[in-house]
Amino acid sequence: MILIITGAPGAGKGTIAQIIEEDIHTTHISTGDMLRDHIHKKDSLGLKVKELISKGILISDEIIEEMVHERLSENDVKEKGALLDGFPRTLDQAKDLIKFTAVDGIIEVFLEDETIINRLSLRRVCMDCGASFHLETKKPKVDGVCDVCSHKLVQREDDKPEVIKDRLNTYHNTTAPIIDFFKEKNVAFLQLRGDLDIVAQREFIVNQIKKIKK
Ligand code: AMP
């Protein structure tokens, strides 16, 4: 099963993606995480995209499509299917994806922009393991230190307020139209709020997603 999870940055895709990965046993593919990995490794792709990502600017369709094609060809995807997180982000990427593989469902995680700006500007992430914290609602046990691996927590450059507004505009203008694109292709569609109580709603979310499979 190939699923897409989409939504504005900071709407809560990551948490729902984690549930799907754990309970549906699929491969979670986040293009943002893949790109940040390249930056971390300082390889040629990482050097090419670093500046654009810090400004919240989209990477070219060509680079992203090549990266995703390679990843989708790996064995774990063939065995377990995939949950695409952060891809497709443009109509051209969506058109490219359906040429490459069938898509079973698209999940939209939504939240009001104001709430997103609050969430992202107070988000802190571990540069080493990627764990994510929030200075009000999910504080680390020790200030500035990751609970999981004890490395330093930082604010992502693209979580700074001026960049967040640009990223939201890009989402509404460039990415959101992919939802209608897939609906028109009769791909199953599921809409979830990004501030659901995850513990209480976990079963509901998983059941909704299992319905897509049928
Ligand atoms: P994310 O972690 O999904 O918010 O992605 C972080 C950044 O990576 C985005 O702001 C873009 O600069 C870049 N990026 C991730 N996925 C894509 C994509 N599908 N197309 C273009 N740029 C992307």
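Because the structure is a prediction, the values reported are computed rather than measured.

S.K.: Could you clarify how one ought to interpret the sheet that holds strand 7 (residues 153-154) in this entry?
M.R.: Hydrogen bonding along the main chain pairs the strands of a sheet, whether they run parallel or antiparallel. Overall, antiparallel pairing links the 3 strands, which are arranged 6-5-7 in an open sheet. Both outer strands of the open sheet, strand 6 (132-134) and strand 7, are each paired with one neighbouring strand and no more. In the packing of helix 7 (residues 113-121) onto the sheet, the strands contacted are strand 5 (123-126) and strand 6, and the crossing angle to strand 5 comes to about 45°.

S.K.: Even after reading the chapter, I still don't get the site of the ligand, so can you show me in this structure?
M.R.: Not every one of the 15 residues close to the ligand is listed here, only the nearest: Thr31, Arg36, Ile57, Gly86 and Gln93. Take Ile57: an N or O atom from its main chain is 2.7 Å from an oxygen atom of the ligand. A distance of 3.2 Å separates an oxygen atom of the ligand from a polar side-chain atom of Arg167. Isolated, the ligand exposes 480 Å² of accessible area, and the fraction of that covered by the protein chains is 95%. Here the shell around the ligand gets 4 residues from one element, more than from any other, and that element is helix 2 (residues 31-41).

S.K.: What is the right way to look at the sheet that holds strand 8 (residues 188-193) in this model?
M.R.: Reading across from one edge, 2-3-1-4-8 is the order of the 5 strands in this open sheet, with parallel pairing throughout. For this open sheet the edge positions go to strand 2 (27-30) and strand 8, each flanked by a neighbour on one side alone. Neighbour to neighbour, the strand axes of the sheet diverge by 20° on average, direction disregarded. Pairing geometry for strand 1 (residues 2-6) and strand 3 (residues 82-85), over 4 bridges, is parallel. Bridge pairing in strand 3 places Leu3 opposite Leu83. Lying on the sheet, helix 2 is in contact with strand 2 and strand 3; it crosses strand 2 at an angle near 65°.

S.K.: Just to check I follow, could you spell out the nonpolar core for this structure?
M.R.: A general feature of soluble globular proteins is that nonpolar side chains tend to end up buried together. Ranked by size, the top nonpolar core spans 50 residues in total, and within it Ile107 and Phe182 carry the most contacts. Sort the elements by how many residues they give to this core and helix 1 (residues 13-24) lands first, with 5 residues. Once residues lying within four places of it in the same chain are set aside, the contact partners of Phe182 are Ile4, Pro88, Ala94, Leu97, Ile98, Val103, Ile106 and Val187. In this structure, Ala131, Phe133, Cys146 and Leu153 belong to the second largest nonpolar core, which totals 5 residues.

S.K.: Is there a simple way to think about the pairing of strand 1 in this case?
M.R.: Remark: a regular strand shows side chains that alternate across the two faces of the sheet. Burial of strand 1 is extensive: 5 of the 5 residues sit out of reach of the surface. Residues Ile2, Ile4 and Thr6 line one face of strand 1 and the alternating positions Leu3 and Ile5 line the opposite face, and both faces are buried. Where strand 1 lies against strand 4 (residues 105-110), 4 bridges are found, and the strand directions are parallel. Its bridge partner lying in strand 4, Ile4 is registered against Ile106.

S.K.: What should I look at first to understand the packing of helix 6 (residues 91-100) against helix 9 (residues 177-184) in this one?
M.R.: The relative placement of two packed helices comes down to the angle between their axes together with the axis-to-axis distance. Contact pair helix 6 / helix 9: the axes reach a minimum separation of 9 Å and the direction vectors enclose 30°. The angle between helix 6 and helix 9 falls in the class roughly parallel. As helix 6 runs across helix 9, the sense of the crossing is right-handed. For the pair helix 6 and helix 9, the contacting residues are Leu91, Ala94, Lys95, Leu97 and Ile98 in the first and Pro177, Ile178, Phe181 and Phe182 in the second. Counted by class, the contact of helix 6 with helix 9 contains 8 nonpolar, no polar and 1 charged residues.

S.K.: Would you take a moment to explain the packing of aromatic side chains for this structure?
M.R.: The way to describe two aromatic rings as a pair is by their centre distance and the angle between their planes. Applying the stated criterion across every chain, the model contains 1 aromatic pair. With a centroid separation of 5.1 Å and 85° between ring planes, the pair formed by Phe181 and Phe182 is classed as edge-to-face. In this pair, the class of Phe181 matches that of Phe182, namely buried. When the ring centre of Phe133 is taken as origin, the NZ or CZ atom of Lys138, which lies over that ring, is 5.5 Å away. Lying over the aromatic face of Phe189, Lys183 brings its terminal NZ or CZ to 4.4 Å of the ring centre.

S.K.: Help me understand the pairing of strand 5, please; the structure alone is not making it clear to me.
M.R.: Across 3 bridges, strand 5 lies against strand 6 in antiparallel orientation. Its bridge partner lying in strand 6, Arg123 is registered against His134. Hairpin connection between strand 5 and strand 6: a loop of 5 residues separates the two successive antiparallel strands, and Gly130 in this loop has a positive phi of roughly 85°. Pairing between strand 5 and strand 7: 2 bridges, direction antiparallel. Each bridged residue has a counterpart across the sheet, and for Val125 the counterpart in strand 7 is Val154.

Rules of the game
- Residues numbered from 1 in each chain as written.
- Predicted model: local features only at pLDDT ≥ 70, side-chain atom pairs only at ≥ 80, totals over all residues.
- Heavy atoms only, no water.
- Pairing = 2+ DSSP bridges.
- Helix = DSSP H or I, 4+ residues; strand = E, 2+ residues; numbered from the N terminus.
- Contact = heavy atoms within 4.5 Å.
- Axes fitted to C-alpha atoms, helices over the stretch in contact; angles between N-to-C directions.
- Near = heavy atom within 4 Å.
- Polar contact = N/O pair within 3.5 Å; in protein donor to acceptor, adjacent residues only side chain to side chain.
- Areas by Shrake-Rupley, 256 points an atom, 1.4 Å probe, with all protein chains shown as cover.
- Core = buried A, V, L, I, M, F, W, Y, C linked by side-chain atoms within 4.5 Å.
- Buried < 20%, exposed > 50% of the residue type's maximum accessible area, 1.4 Å probe, protein only.
- Parallel < 35°, antiparallel > 145°, perpendicular 65-115°, else oblique.
- Left-handed = near helix turned anticlockwise from the far one by under 90°.
- Nonpolar A, V, L, I, M, F, W, Y, C, P; charged D, E, K, R; others polar.
- Phe/Tyr/Trp six-rings, centres within 6.5 Å; stacked < 30°, edge-to-face > 60°.
- Lys NZ or Arg CZ within 6 Å of the ring centre and 35° of its normal.

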